Amino acid sequence: MMHATRTISRGVSPRAVPRRLLPTLAFLVALLSPTAPMAQRPAGSGGEQTRQPLPTPPGSTQPAVRQLTFVGDNGEGYFSPDGTKIIFQAKQRPEHWATQIYLLDLATGQERRISRNSGDDTCSYFQPSPAGGGAAPRRIIYASTFDEIAENPQMAAFKPEARRAKEEAERQAGRRRSYSWEFLPYEVYSANLDGSEVRRLTFSPGYDAEGTFSPDGSKIIFTSNRDGDLELYTMNPDGSQQRRITHAKGYDGGAFFSPDGRSIVWRAFRGDGRHAQVFVADADGSHERQLTHDPAINWAPFYHPDGTKILYSSNRDDPRNFELYLIDIAGSCIKRLTYHEGADILPVFSPDGRTILWTSNRSGTNQLHLMDFQEPSTCINR
Ligand SMILES: [Ca+2]
Ligand SMILES: [Ca+2]
């Protein structure tokens, strides 16, 4: 299929995911699969369950929420650097069951499918223009399984047809699938904004995904299990100079650069692996600092454009309910932003910092939502 046209010379020698990784991955998926509130069902299966708002603190109001997507199951949206578009992943659409990448124009509400391949796609992100600022992007990155499932017979179980058959068998057996993220055999690709000129950036059996860009577009940070544990790596936009920057045992992933490009924020499962915490470090992974300490799953962190605070998702107040929170860069003040049953996850700020985009299953299926950013005045951890 589509292969890199750039100077990556390493040949592809498919191997199975190292066996020692599998228990870790299964464990993570189990951790992230609390029971009822996060259950996810395909649209149209008749099992949708809407979820209710929760009481807010006295005197506070919740901003109005706008649901952006409605067809299928949608999530993990990111703003374009000029704030006019959103890139996201969609599955269980009438035209495709597997996850594919879409663009949504915020002014018109028009959606456009931009990946059309035989795999599952995830973790899309706009490549900032070297001109910087709000210049319109020309390329995107995303992760897909299409090459690895074709190259390696041992990866056949990860083909969308096989995954679909398994899910349907589970549903018929009455087993509910919970929200989880899956460590499929992805590689990272770049493409034009219309999906053309796909270039393969990684050639590594196993999980390579979660790619995001530095603000100047010069570096990609991503997650890979190529060295036996899930770690953060950086590379150039053409896939050259792939370099590991984390070394601690446990899942390190979901990284984003700070607005000035000098720091990174990410989520890590450390110690016994039961809890995830938000970490920051210099852009090369040095001077790591743990920001959250609650015994919970604190994950999906993302910088506010002013660089002083971080938005994230946590089940710190109820193990069965993920909400959106804000923490200052010193790690001293946590503020709660949402009060609603169900999973409120993967939040990001718009480039001007005034809007929050996130994934919620409050309507019964995973969908993208928008709200104004209203910063609460009180810290809840004091
Ligand atoms: Ca891979
Ligand atoms: Ca690690």
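Residues numbered from 1 in each chain as written. Chains lettered and ligands numbered in written order. Predicted model: local features only at pLDDT ≥ 70, side-chain atom pairs only at ≥ 80, totals over all residues.

*Asks:* Give me the overall build of the protein chain: which residues, what numbers.
*Replies:* A tally of helices and strands in the protein chain yields 3 helices and 24 strands. A burial count over the protein chain gives 45% of its 382 residues as buried. Partitioning the contacts of the protein chain with sequence separation of at least 6, the portion at a separation of at least 24 is 50%. (Helix = DSSP H or I, 4+ residues; strand = E, 2+ residues; numbered from the N terminus. Buried ≥ 20, exposed ≤ 12 C-beta atoms within 10 Å, placed from the backbone. Contact = placed C-beta atoms within 7 Å.)

*Asks:* Describe the pairing of strand β3 (residues 85-91), and please don't skip the residues or the numbers.
*Replies:* In terms of burial, β3 is largely enclosed, as 7 of its 7 residues are buried. Burial along β3 is two-sided: the face carrying K85, I87, Q89 and K91 and the face carrying I86, F88 and A90 are both buried. Two elements, strand β2 (residues 73-79) and β3, share 5 bridges in a ladder whose sense is antiparallel. Bridged to D73 within β3 is K91. Remark: 5 residues form the turn of the hairpin made by β2 and β3, two consecutive strands paired antiparallel; G83 in that turn has positive phi of roughly 75°. Here β3 pairs with strand β4 (residues 100-105) via 6 bridges, running antiparallel. If you follow I86 over to β4, its bridge partner there is L104. (Pairing = 2+ DSSP bridges.)

*Asks:* Tell me about the sheet that holds strand β21 (residues 334-336), residues and numbers included.
*Replies:* Pairing is antiparallel across the open sheet formed by 4 strands, whose spatial order is β18-β19-β20-β21. The outermost strands of the open sheet, each flanked by one partner alone, are β18 (298-303) and β21. Sheet twist, expressed as the mean angle between neighbouring strand axes with direction ignored, is 30°. Here strand β20 (residues 323-328) pairs with β21 via 3 bridges, running antiparallel. Bridge pairing links Y325 to R336 in β21. (Axes fitted to C-alpha atoms, helices over the stretch in contact; angles between N-to-C directions.)

*Asks:* Describe the nonpolar core, with residues and values.
*Replies:* Formed by 76 residues in total, the largest nonpolar core has its most connected members in I87 and I310. It is strand β15 (residues 263-269) that provides the largest number of residues to this core, a total of 5 residues. Excluding anything up to four places from it in sequence, I87 contacts G77, Y78, I101, L103, S124, Y125, F126 and I140. (Core = buried A, V, L, I, M, F, W, Y, C linked by C-beta atoms within 7 Å.)

*Asks:* Lay out the sheet that holds β3 with the relevant residues and their values.
*Replies:* Ordered in space as β2-β3-β4-β5, the 4 strands form an open sheet in which the pairing is antiparallel. Only two strands of the sheet have a single partner each, and these edge strands are β2 and β5 (111-113). Sheet twist, expressed as the average angle between the axes of neighbouring strands with direction ignored, equals 30°.

*Asks:* Lay out the pairing of strand β14 (residues 252-257) in plain terms, naming residues and giving numbers.
*Replies:* Taking burial as the measure, the 6 residues of β14 include 6 buried ones, the bulk of the element. Hairpin connection of β14 to β15: 5 residues between the antiparallel strands, including G261 at a positive phi of 75°.

*Asks:* Describe unusual backbone geometry, and please don't skip the residues or the numbers.
*Replies:* Positioned with a positive phi, E76 is a non-glycine residue whose angle comes to about 50°. With respect to the helices and strands, the residue E76 is situated in strand β2.

*Asks:* With reference to specific residues and values, describe the confidence of the model for the protein chain.
*Replies:* Here the protein chain averages 87 in pLDDT, while 85% of its residues score no lower than 70. Segment residues 1-47: pLDDT under 50, and 83 contacts once partners within four positions in sequence are set aside and those in other chains are kept. (pLDDT = per-residue confidence, 0-100.)

*Asks:* Quick rundown of helix α3 (residues 160-172)? Include the residues and the values.
*Replies:* With 13 residues, α3 extends 18 Å from end C-alpha to end C-alpha; this agrees with the ideal 18 Å at 1.5 Å per step. Within α3, only 1 of the 13 residues are buried, leaving the element largely exposed. G174 sits one or two residues past α3 and shows a positive phi near 85°. (Expected span 1.5 Å × (residues − 1).)

*Asks:* An account of the environment of K159 is needed here, citing residue identities and associated values.
*Replies:* Within the secondary structure layout, K159 lies in the loop between α2 (146-151) and α3. The class of K159 is partly exposed, set by 18 C-beta atoms lying within 10 Å. Taking the C-alpha atoms as reference points, K159 and L184, separated by 25 residues in sequence, lie 9.6 Å from one another.

*Asks:* Please provide a residue-by-residue account of the environment of N361, values included.
*Replies:* Note on placement: N361 falls in the loop between β23 (355-360) and β24 (367-372). When the 27 C-beta atoms within 10 Å are taken as the criterion, N361 is described as buried. C-alpha of N361 to C-alpha of T50: the two residues are 311 residues apart in sequence and 8.0 Å apart in space.

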